[in-house]
Amino acid sequence: MSRIRVLLANSAPIGKLGLLDYRLPDGADAPSGTLVEAPLGPRTVLGCVWDGDDQDTGESIGDIRLRPITRVYPAPPLPADLRRLIDWVADYYLCPPGAVLRMAVPSAALRETQRTATPYRVSGIAPARLTPQRAQAMTVIGNAQGSVAELAACGGTSLAVIRGLIKAGALVATAAQTRDTPLPMPDPDFAPPALSVEQMQAADQLREAGGTKFQPYLLDGVTGSGKTEVYFEAVAEALRKGEQALILLPEIALTLPMLRRFEARFGCAPTTWHSDLSPRERRAAWHAIANGHATVTIGARSALFLPYPRLGLIVVDEAHEASFKQEEGVHYHARDAAVMRAKFADIPIILASATPAIESRAQVAAGRYREIALPARYGGATLPTIRAVDLRDEPPTRGAWLAPPLIAAIDARLARGEQSLLFLNRRGYAPLTLCRTCGYRIQCPHCTAWMVEHRLNHRLSCHHCGHTMPPPAACPECQTQDSLVACGPGVERVADEVRSRWAEARIAIVTSDTLWSPARAAEFVADMDAGMIDIVVGTQLVTKGYHFPNLTLVGVVDADIGLIGGDLRSAERTFQQIAQVAGRAGRGHKPGEVLIQTRQPQAPVMAALIAGDTAGFYAAESAARAEAHMPPYGRLAAIIVSSEDAETARATAAMIGKAAPSGSGIEVWGPVPAPLARLRGQHRHRLLVHAARSYKLQAAIRAWLDRCNWPARVRVTIDIDPYSFM
């Protein structure tokens, strides 16, 4: 018999349940990282054999009294750098280590189904009806083979398209194989790009990084400068050395454009990891990565926690994006956690962005990150001209949202056969529905938020909890018929105005409601490339990652929307979003133009955008943060207290507030009702902790909350380095 220490994949609060000792049966081998099944009370729980000491080891219990593990999973062990990352995330973000372990080993990963799947390949016979979706799928699939689901994912299309190609004889079945059969390997020398001098110099620096140890690089390139092609050269170098590479993306909709570019460069599709995968696809991808068969993975933030045995490079694309911060479950920031995994694995990491976060710029200034700049667009393309449309001087007509200068600019593009993009970061038709008679505003029954009208699916929807309902015919308060009116614009309402003004124009609405999967994103890209869309109306989903050479005009419908409220990062986020969406214009040989509709052209963020003064904006914003000792020059943590009972939530928050630490280097503000005071039926109160950069914040919060006892029906959530203040 031998004793092993196990971390269980449960959600016990930090400090309440640490590593537990178990007995390993004779003849069994379970080195650190081995996945096991262990008893916990009356049930069995997934666990991982862990290394290191724990304060409560149970060493006084003899081996014979230890409960034996019930199973050793036949899966590769979690590598040491991943185990260190799990420990770091749990310690830094004050979350249960078992909850972090669960992210590394999703439930689908250990299913033992090895069902055979009929693989298909291209037959060489062209289908009688070759739609754009079929043509794109055939091109992307190339020489790859796989199941219907795998080819749909590879080709960026729906299952129906693949089945249609099979029925048409364009895809034929091959010999049956197990689902875990690896797809073709990326070839680092398949199609090397023709890089500009600036790109070549940047790529050389990153290629050289492959021979060094841990080093973060900030790849700071303007939109259209070819950052992807540059960091692909670092990926190619990792492949030549037999290493694995990970590319993190902030949005699932960016996956398909990236897959197309990757396959063009490396000859086949990479392994993907995102929420749209089926359980079987998730299992196959996890094992391919853990066994080292998958050499390049492109995925969402959770791909960071996969068990790469030979990880040699991490790339975080669009590294400034706030969506890298997870707001549910484990509240971690994937960009920062990726830097730590690179440190534990002793490998380089590349943070790529056209608008790097102030936190990343501060690390460059401190000498911790190396900056590689790409200040010009690739291939002779120039940055678009940007000018403001002052809505105080040139307002839209009554009931409309597009000002005369923007309308004239769209007219000119339609006449020249060019494409236009209208950006408004607000989904749906209207953000508010109220009664003309009594003033009643329709609110979510579970949240302190207005219901948003979505006319595309004839529903009212809460964007916080997901509750939906049909629009009522009468006011729920005064029962007056036909008295409800939509207030304010969303993208659907702007699209309606576009249709009424340009009846012959072909329009696409691009939001998370319309591009909910990689396949839908691929259809949109194919239609844009084929010239089947004249005007795009979209949210932040279209601000990054897309390259449409014929798109020459970007109109920002309401640039001031992001400046509403007191968010710490509101000015920075507004600058980033508008700069990113402006970067969609003029990426080919045709010049681009950006019109920003605003009522505050004198605001520092608007003035910087119009003048193209990126350095000046970030210098001023950084100075303001430093003066207030705000991140990255100070530290913040949020404590959110929630309960179904309003009084219990208030009383618990007050009790926690009274026990708050005090002294030099730390301040605790609150508790106060959260701006979103009720969310998913839970009443919420917030405390905000402000501390000096050198203050040991996590230790103080641990000691503070250990002194507090709250009812089991109350949930206390800790958010280190918060991005949301709602």
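All of these numbers come straight from a predicted model, not from anything done at the bench.

Observations regarding the packing of aromatic side chains
Next up, step 1: Under the criterion given, the structure shown has 12 aromatic pairs.
Next up, step 2: An angle of 80° between the planes, with centres 4.8 Å apart, marks the rings of Y92 and Y93 as edge-to-face.
Next up, step 3: Judged by centre distance (5.3 Å) and plane angle (75°), the ring pair of F617 and Y618 falls under edge-to-face.
Next up, step 4: The exposure class assigned to F617 is buried, which follows from its relative accessible area of 5%.
Next up, step 5: For Y618, a relative accessible area of 3% corresponds to the buried category.
Next up, step 6: Three or more aromatic residues joined by ring pairs make a cluster, and in this case those are Y231, F232, F262 and F266.
Next up, step 7: Above the plane of the ring of F266 lies R265, whose end atom (NZ or CZ) is 4.7 Å from the centre.

Section: the environment of V316
Next up, step 1: Take V316: it is sitting in strand β14 (residues 311-317).
Next up, step 2: Separated by 16 residues in the primary sequence, V316 and A300 place their C-alpha atoms 9.9 Å from one another.
Next up, step 3: Residue contacts for V316: discarding those within four places in its chain leaves L248, F324, A338, I349, I350, L351 and A352.

Thoughts on the sheet that holds strand β4 (residues 43-49)
Next up, step 1: If you trace the 5 strands from one edge of the open sheet to the other, you get β2-β1-β4-β3-β5, paired in antiparallel fashion. Both edges of this open sheet fall to β2 (20-24) and β5 (71-72), since each of them pairs with a single strand only.
Next up, step 2: Relative to β5, strand β3 (residues 35-40) runs antiparallel, the two being bridged by 2 bridges. Following the sheet pairing, V36 is matched in β5 by V72.
Next up, step 3: Helix-sheet contacts for helix α2 (residues 97-104) involve β1 (2-8) and β4, and the interaxial angle to β1 is about 85°.

Regarding the pairing of strand β24 (residues 507-510)
Next up, step 1: Pairing between β24 and strand β25 (residues 535-538): 4 bridges, direction parallel. Residue pairing in the sheet places A508 in a bridge with V536 of β25.
Next up, step 2: One crossover worth recording links β24 to the parallel β25 by way of helix α14 (residues 518-529), and it is right-handed.

Section: the packing of helix α15 (residues 570-582) against helix α17 (residues 614-628)
Angle between the axes and distance between the axes: these two values describe a pair of packed helices.
Next up, step 1: As a packed pair, α15 and α17 sit with axes 11 Å apart at the nearest point and diverge in direction by 165°. Considering their axes alone, α15 and α17 lie roughly antiparallel with respect to each other. Between α15 and α17 lies a crossing whose hand is left-handed. Of α17, the residues touching α15 (which contributes A571, E572, F575 and Q576) are T614, F617, Y618, E621 and R625.
Next up, step 2: Among the residues forming the contact of α15 with α17, the class breakdown is 4 nonpolar, 2 polar and 3 charged.

Thoughts on the sheet that holds strand β29 (residues 666-679)
Next up, step 1: Read from one edge to the other, the open sheet built from 4 strands follows the order β29-β30-β28-β31, with strand pairing classed as antiparallel. With partners counted over all chains shown, the strands left at the sheet margins are β29 and β31 (715-720), one partner each. Geometrically, the sheet is characterised by an average inter-axis angle of 20° between neighbouring strands, direction not taken into account.
Next up, step 2: One ladder, built from 8 bridges, connects β29 with strand β30 (residues 682-692); its direction is antiparallel. Across the sheet, the residue bridging to L679 is Q682, located in β30.
Next up, step 3: Contacts from helix α18 (residues 646-658) reach β28 (634-643), β29, β30 and β31 within the one sheet, and its direction differs from that of β30 by about 15°.

The rules behind each value
Residues numbered from 1 in each chain as written. Predicted model: local features only at pLDDT ≥ 70, side-chain atom pairs only at ≥ 80, totals over all residues. Heavy atoms only, no water. Phe/Tyr/Trp six-rings, centres within 6.5 Å; stacked < 30°, edge-to-face > 60°. Buried < 20%, exposed > 50% of the residue type's maximum accessible area, 1.4 Å probe, protein only. Lys NZ or Arg CZ within 6 Å of the ring centre and 35° of its normal. Helix = DSSP H or I, 4+ residues; strand = E, 2+ residues; numbered from the N terminus. Contact = heavy atoms within 4.5 Å. Pairing = 2+ DSSP bridges. Axes fitted to C-alpha atoms, helices over the stretch in contact; angles between N-to-C directions. Right-handed = clockwise from strand over helix to strand, strands pointing away. Parallel < 35°, antiparallel > 145°, perpendicular 65-115°, else oblique. Left-handed = near helix turned anticlockwise from the far one by under 90°. Nonpolar A, V, L, I, M, F, W, Y, C, P; charged D, E, K, R; others polar.

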